[in-house]
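Listed below are the residues making up each chain.
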Amino acid sequence: MTTAALSGLLDYLYGTLTPSNMRWIGERLIAHAKEEELNRLRPLTMEEIDSMLDEAEADFDAGNYLTNDEVFHHSK
């Protein structure tokens, strides 16, 4: 979203929500943002890595991959 769109949304919320509703939404947005940051930054477990490798190997065996030429093909 652009800054203008976010400012418009914020102005709308200021005009329509009660202070307690603003707090409720704010708390949930902050909690959600913290959770998103943790999920992006947390290290993977060996089980997760093994699962990802198993999935990639199964895709490869099924022929679900791109060749070098397909990856680096550029339209002219």
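Reference entry: report on the structure contained in this document. Remember, it's a predicted structure, so these values are computed and weren't measured experimentally.

## Points about the overall build of the protein chain
Part 1: Scanning the protein chain from terminus to terminus reveals four helices and zero strands.
Part 2: Sequence-ordered secondary structure for the protein chain, helices as α and strands as β, is α-α-α-α.
Part 3: Here the C-alpha atoms of the protein chain give a radius of gyration of 22 Å, more than 25% beyond the 11 Å that 2.2 N^0.38 yields for 76 residues.
Part 4: With the C-alpha coordinates aligned to their principal axes, the bounding extent of the protein chain is approximately 55 × 45 × 20 Å.
Part 5: In the protein chain, buried positions account for 0% of the 76 residues.
Part 6: Measuring between centres, the 6 positive side-chain charges of the protein chain sit 15 Å from its 15 negative side-chain charges.

## Looking at a nonpolar patch on the surface
Part 1: A grouping of L44, M46, I49, M52 and L53 is seen on the molecular surface, where their side chains present a nonpolar patch of about 480 Å² in accessible area.
Part 2: Its place among the elements puts I49 in helix 3 (residues 46-61).

## Some words on the pattern of salt bridges
Part 1: Considering all chains together, one arrives at three salt bridges under this definition.
Part 2: Of the charged contacts in the structure, one is a salt bridge between E27 and R28, with a shortest N-O distance of 3.9 Å.
Part 3: Residue class for R28 comes out partly exposed when judged on its relative accessible area of 41%.
Part 4: Note that E48 and R42 form a salt bridge whose closest N and O atoms lie 2.8 Å from each other.
Part 5: E48 sits in the partly exposed class, given a relative accessible area of 25%.

Scoring rules and cut-offs
- Residues numbered from 1 in each chain as written.
- Predicted model: local features only at pLDDT ≥ 70, side-chain atom pairs only at ≥ 80, totals over all residues.
- Heavy atoms only, no water.
- Helix = DSSP H or I, 4+ residues; strand = E, 2+ residues; numbered from the N terminus.
- Rg over C-alpha atoms; globule rule 2.2 N^0.38 Å.
- Buried < 20%, exposed > 50% of the residue type's maximum accessible area, 1.4 Å probe, protein only.
- Lys, Arg positive; Asp, Glu negative; His and termini not counted.
- Charge placed at Lys NZ, Arg CZ, Asp CG, Glu CD.
- Patch = residues over 30% accessible without salt bridge, like charges linked within 9 Å, V, L, I, M, F, W, Y side chains within 5 Å.
- Areas by Shrake-Rupley, 256 points an atom, 1.4 Å probe, with all protein chains shown as cover.
- Salt bridge = Lys/Arg side-chain N within 4 Å of Asp/Glu carboxyl O.

Bear in mind that shape data such as this cannot, by itself, settle questions of function.
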